[in-house]
Amino acid sequence: MNFKSDNTAPAAPEVLAALARVNDGAAGNYGDDNVTDRLKTKLSALFEKEVAVFPVATGTAANALSLATLTPPHGAIFCHEGAHIHVDECGAPEFYSQGAKLVPLEGAHGKLTPEAIKAALAHHQRGVVHHAQPSTISLTQATELGTVYKPGEIEALARFARHEQLTLHMDGARFANAIAHLKCSPAEATWKAGVDALSMGFTKNGAMAAEAVIFFNPAHATDIAYRRKRAGHLFSKMRYLSTQIEAMLDGGLWLKLAGHANAMATRLAEGLRSVKNVALEHPVEANELFVRLPSIAAMQTLEAAGAKFYEWEPPAEGRPLIRLVCSFSTTPSEIDAFLAAARKVG
């Protein structure tokens, strides 16, 4: 019953098999290899247009390098107050952009709105030397609270961004879970909706350590190759990153694994809705649940039963909020065991 994070899951067997295969013989270094060449072709086919692709090892690197490429040191990046780039990346976006300012904004269920960004723009006026200059919007898909932006919501943000001469970045650490929920094409949820750059996550979804920075307009990617090298993420044996992503793409594995994680989260949510004094704080649209328990004692009882999870925030009126995350390796028996324990404390 390990629901702490999808990062606690193992690597998918298909990824490990691909790593074993790519380990046979010599190959070009620093991305000059057949696997990395194929990866660009496959991602371009997936997104229905030619894209610029830069594999890196971590989500933090993907976000920080893409944002640094889009944003000048004196720029402002508008994000949700709960965004990973603001809360969980130890200042990496600011560091790699050489000082760009993150502007955290409120939004229901983890989502940004044009209205919230418009209000913030009043404090970051263009041409005023005392203000960080509006540059970029960064949204998270799926959000940090387990909800998913619909293509229409992304389009509204993109229209606003274009009107205000801002670029639009998507932190897609759980992009696969979002697409599995939306059942639309990756193109419809990104560049066709107005996204300029995507940090496409694979590690949470079954890779060992691999993410991809994707630019839908190659003109935006003029210097990221140098930034990636300077940041220490130009792997000399790049084939080992690229093959993980290729394995995830082959046969639609990335969506199959994410779909299973989502289905387990839905099964868990449906079971919890019938438990007395237990409430779901946000819609369950991907693979994360945020559950309000009746008491601290109830949380301790679940932990004593063997369940692992994060307490998300301090208890409100004695009722803790916990986060439960399902992964491609979560089993129905784990869900059922957790529900059985939850019914005893509800």
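Residues numbered from 1 in each chain as written. Predicted model: local features only at pLDDT ≥ 70, side-chain atom pairs only at ≥ 80, totals over all residues. Heavy atoms only, no water.

Peer 1: Residues and numbers for the side chain of N205, please.
Peer 2: Mapped onto the fold, N205 is located in the loop between β6 (197-201) and β7 (211-215). Engagement of the side chain of N205 in a polar contact is seen with the backbone oxygen of W254, the distance being 2.8 Å. In this structure N205 touches A176, M248, W254, L257, A258 and F328, once residues within four positions along its chain are discounted. (Helix = DSSP H or I, 4+ residues; strand = E, 2+ residues; numbered from the N terminus. Polar contact = N/O pair within 3.5 Å; in protein donor to acceptor, adjacent residues only side chain to side chain. Contact = heavy atoms within 4.5 Å.)

Peer 1: So what about the packing of helix α10 (residues 239-249) against helix α11 (residues 253-272)? Which residues, and what values?
Peer 2: Two numbers describe a pair of packed helices, the interaxial angle and the distance between the axes. Direction vectors running N to C along α10 and α11 enclose 70°, while the axes themselves pass 5 Å from each other. Judged by the inter-axis angle, α10 sits roughly perpendicular to α11. Along the contact surface, α10 presents A247, M248 and L249, while α11 presents L253, W254 and L257. Considered class by class, the residues forming the contact of α10 with α11 number six nonpolar, no polar and no charged. (Axes fitted to C-alpha atoms, helices over the stretch in contact; angles between N-to-C directions. Parallel < 35°, antiparallel > 145°, perpendicular 65-115°, else oblique. Nonpolar A, V, L, I, M, F, W, Y, C, P; charged D, E, K, R; others polar.)

Peer 1: Which residues make up the sheet that holds strand β8 (residues 279-280), and what values do they have?
Peer 2: Read across the open sheet, the four strands follow the order β8-β9-β11-β10; overall the sheet is antiparallel. Edge strands, defined here as strands with exactly one partner in the open sheet, are β8 and β10 (310-316). Bridge count for β10 against strand β11 (residues 319-325) is four bridges, and the pairing is antiparallel. Along β11, the bridge assignment pairs E313 with L321. (Pairing = 2+ DSSP bridges.)

Peer 1: Break down the sheet that holds β6 for me, with residues and values.
Peer 2: In sheet architecture, strand pairing relies on hydrogen bonds along the backbone and comes in two forms, parallel and antiparallel. Read from one edge of the open sheet, seven strands run β1-β7-β6-β5-β4-β2-β3, paired in mixed fashion. This sheet does not close on itself; its edge strands, each paired only once, are β1 (52-56) and β3 (101-105). Here the average twist between neighbouring strands, direction ignored, is 20°. Sheet topology note: the strand β2 (residues 75-80)/β3 ladder contains five bridges and is parallel. Bridge assignment links A76 to a residue of β3, and that residue is K101.

Peer 1: For helix α12 (residues 296-304), give the residues involved together with the corresponding values.
Peer 2: All of the buried residues along α12 are A298, M299 and L302. Buried residues along α12 cover an arc of 100° about the axis, so they all sit on one side. Those residues of α12 hidden inside the fold are in contact with β10, β11 and α13 (332-345). Phi turns positive one or two residues past the end of α12, at G306, with a value near 110°. (Buried < 20%, exposed > 50% of the residue type's maximum accessible area, 1.4 Å probe, protein only. Arc of directions from axis to C-beta.)

Peer 1: So what's going on with the pairing of strand β5 (residues 167-172)? Residues and values would help.
Peer 2: Of all six residues in β5, six are buried, a share of seventy percent or more. Of the two faces of β5, both are covered, the one formed by T167, H169 and D171 as well as the one formed by L168, M170 and G172. Tracing the backbone out of strand β4 (residues 133-140), into helix α7 (residues 151-163) and back to the parallel element β5 gives a crossover that is right-handed. Of the pairings in the sheet, the one linking β5 to β6 comprises four bridges and is parallel in character. Paired with M170 across the two strands is L198, which belongs to β6. (Right-handed = clockwise from strand over helix to strand, strands pointing away.)

Peer 1: Before we move on, could you go through the packing of α12 against α13 and cite the residues and values that matter?
Peer 2: Two elements in contact, α12 and α13, have axes whose closest approach is 9 Å; the angle formed by their N-to-C orientations is 150°. Crossing of α12 against α13: the hand is right-handed. Residues A298, T301 and L302 of α12 lie in contact with α13, whose contacting residues are F338, A341, A342 and V345. Class assignment for the residues of the contact of α12 with α13 results in six nonpolar, one polar and no charged. (Left-handed = near helix turned anticlockwise from the far one by under 90°.)

Peer 1: Please give an account of the state of the cysteines that cites residues and values.
Peer 2: Scanning all chains against the criterion turns up zero disulfides. With no disulfide of its own, C79 has C90 as its nearest cysteine by sulfur position, at a separation of 15 Å. By relative accessible area, C79 is classed as buried at 0%. (Disulfide = S-S within 2.5 Å.)

Peer 1: Kindly report on unusual backbone geometry, identifying the contributing residues and their values.
Peer 2: Residue A142 follows Q141 across a cis peptide bond; omega there is -5°. Among the structural elements, A142 can be located in the loop between β4 and α7. Phi at K183 takes a positive value of approximately 60°, unusual for a residue other than glycine. Take K183: it is sitting in the loop between α8 (175-182) and β6.

Peer 1: An account of the pairing of strand β9 (residues 288-292) is needed here, citing residue identities and associated values.
Peer 2: Extensive coverage of β9 is indicated by the burial of five of its five residues. Along β9, one buried face is formed by E288, F290 and R292 and the opposite face, lined by L289 and V291, is buried too. Here two bridges tie β8 to β9, and the two strands are oriented antiparallel to one another. Residue L280 lies in a different strand from β9, and its bridge partner there is V291. Sheet analysis places β9 next to β11, joined by five bridges and oriented antiparallel.

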